[in-house]
Amino acid sequence: MRHQVRPSDEELWSSIAAGDEWAFGRLFDRYSRPVYNHAFRLTGSWSTAEDVTQATFLVAWRRRRDARLVDGSALPWLLVVATNAVRSEWRSARRWLALLRR
């Protein structure tokens, strides 16, 4: 039986910054559930939490060279990105409601 060593977030992010899609998939597998749970707690909506999770990882891929790991973990940065995505959702919803009221 082989024991596989789990790469650290720092190792994964180094590969991701170089454009490694496989490493990004590993990071997604590792953190998509915590990001989704965070988004759901903020929004109270399953579908919005799914949208926010998707947006979070899209931003993570686009800004892969700018990310800052906290104590070697990508999760805090991802949670901040998710929080900002929720705020964008709220702004968009407020604008839509304002438009409907006019």
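Everything numeric here is computed off the predicted structure, so don't read it as measured data. (Residues numbered from 1 in each chain as written. Predicted model: local features only at pLDDT ≥ 70, side-chain atom pairs only at ≥ 80, totals over all residues. Heavy atoms only, no water.)

Describing the overall build of the protein
Spelled out, the test is: Every helix listed is a DSSP run of H or I at least four residues long, and every strand listed is a run of E at least two residues long, numbered separately from the N terminus. Burial classes: relative accessible area under 20% of the type maximum marks a residue as buried, over 50% as exposed, and values in between as partly exposed (1.4 Å probe, protein chains only). Residues are treated as being in contact if the distance between any of their heavy atoms lies within 4.5 Å. Exposure was quantified through the Shrake-Rupley algorithm and a 1.4 Å probe, taking into account, for residues, occlusion by the shown protein chains and nothing else.
Assigned secondary structure in the protein consists of 4 helices and 0 strands. When the helices and strands of the protein are placed in sequence order, the string is α-α-α-α. Within the span of the protein, comprising 102 residues, buried residues form 32% of the whole. Considering only contacts within the protein whose residues lie at least 6 apart along the sequence, 59% involve residues at least 24 apart. When the accessible area of the protein is evaluated, it comes to approximately 7300 Å², of which 52% is carbon and sulfur surface.

Observations regarding the environment of R62
By secondary structure assignment, the location of R62 is in helix α3 (residues 46-62). On the accessibility criterion, R62 (62% relative accessible area) is exposed. It is 36 Å that separates the C-alpha atoms of R62 and R102, two residues lying 40 residues apart in sequence.

With respect to the pattern of salt bridges
Rules: Whenever Lys or Arg places a side-chain nitrogen within 4 Å of a carboxyl oxygen from Asp or Glu, that contact is recorded as a salt bridge.
Applying the stated rule across the entire model yields 2 salt bridges. Ionic pairing is found between D9 and R30, a salt bridge with its closest N-O pair at 2.5 Å. In this pair, D9 is assigned in helix α1 (residues 9-17) and R30 in helix α2 (residues 21-43), connecting sequence segments 21 residues apart. Like R30, D9 is buried.

Description of the nonpolar core
Worth spelling out the cut-off: By nonpolar core is meant a set of buried Ala, Val, Leu, Ile, Met, Phe, Trp, Tyr and Cys residues that side-chain atoms within 4.5 Å join together.
Core analysis: the largest hydrophobic core is formed by 22 residues, its most contacted members being W13, I16, L27, W77 and L78. Among the elements of the structure, α1, α2, α3 and α4 (75-101) are those that each provide at least two residues to this core. Among the elements that make up this core, the one with the highest residue count is α2 (7 residues). Not counting residues within four places of it along the chain, the set of residues in contact with L78 comprises L27, Y31, V35, T56, F57 and A60.

A short note on the environment of E89
Counting through the fold element by element, E89 comes out in helix α4. Placed 12 residues apart in sequence, E89 and R101 show a C-alpha to C-alpha distance of 18 Å.

Remarks on the packing of aromatic side chains
What counts, and what does not: Put simply, two rings from Phe, Tyr or Trp (the six-membered ring, in Trp's case) pair if the centres are within 6.5 Å, and we call them stacked under 30 degrees between planes, edge-to-face over 60, tilted for the rest. Criterion for a charge above a ring: Lys NZ or Arg CZ within 6 Å of the ring centre, and within 35 degrees of the ring normal.
Scanning all chains against the criterion turns up 5 aromatic pairs. Measuring from ring centre to ring centre gives 5.2 Å for F24 and W61, while their planes differ by 70 degrees; the resulting arrangement is edge-to-face. Here W61 lies in helix α3 and F24 lies in helix α2, a separation of 37 residues in the sequence. Exposure remark for F24: the relative accessible area of 14% places this residue in the buried category. On the numbers, 6.4 Å between centres and 15 degrees between planes, the contact of Y36 with F40 is stacked. Highlighted residues: Y36 and F40, both in helix α2, separated by 4 residues, approximately one helical turn. Residue classification places F40 among the partly exposed residues on the basis of a relative accessible area of 29%. Members of the aromatic cluster, joined through ring pairs, are F24, F28, F57 and W61. Directly above the ring of W61 sits R64, whose terminal nitrogen or CZ lies 4.0 Å from the centroid.

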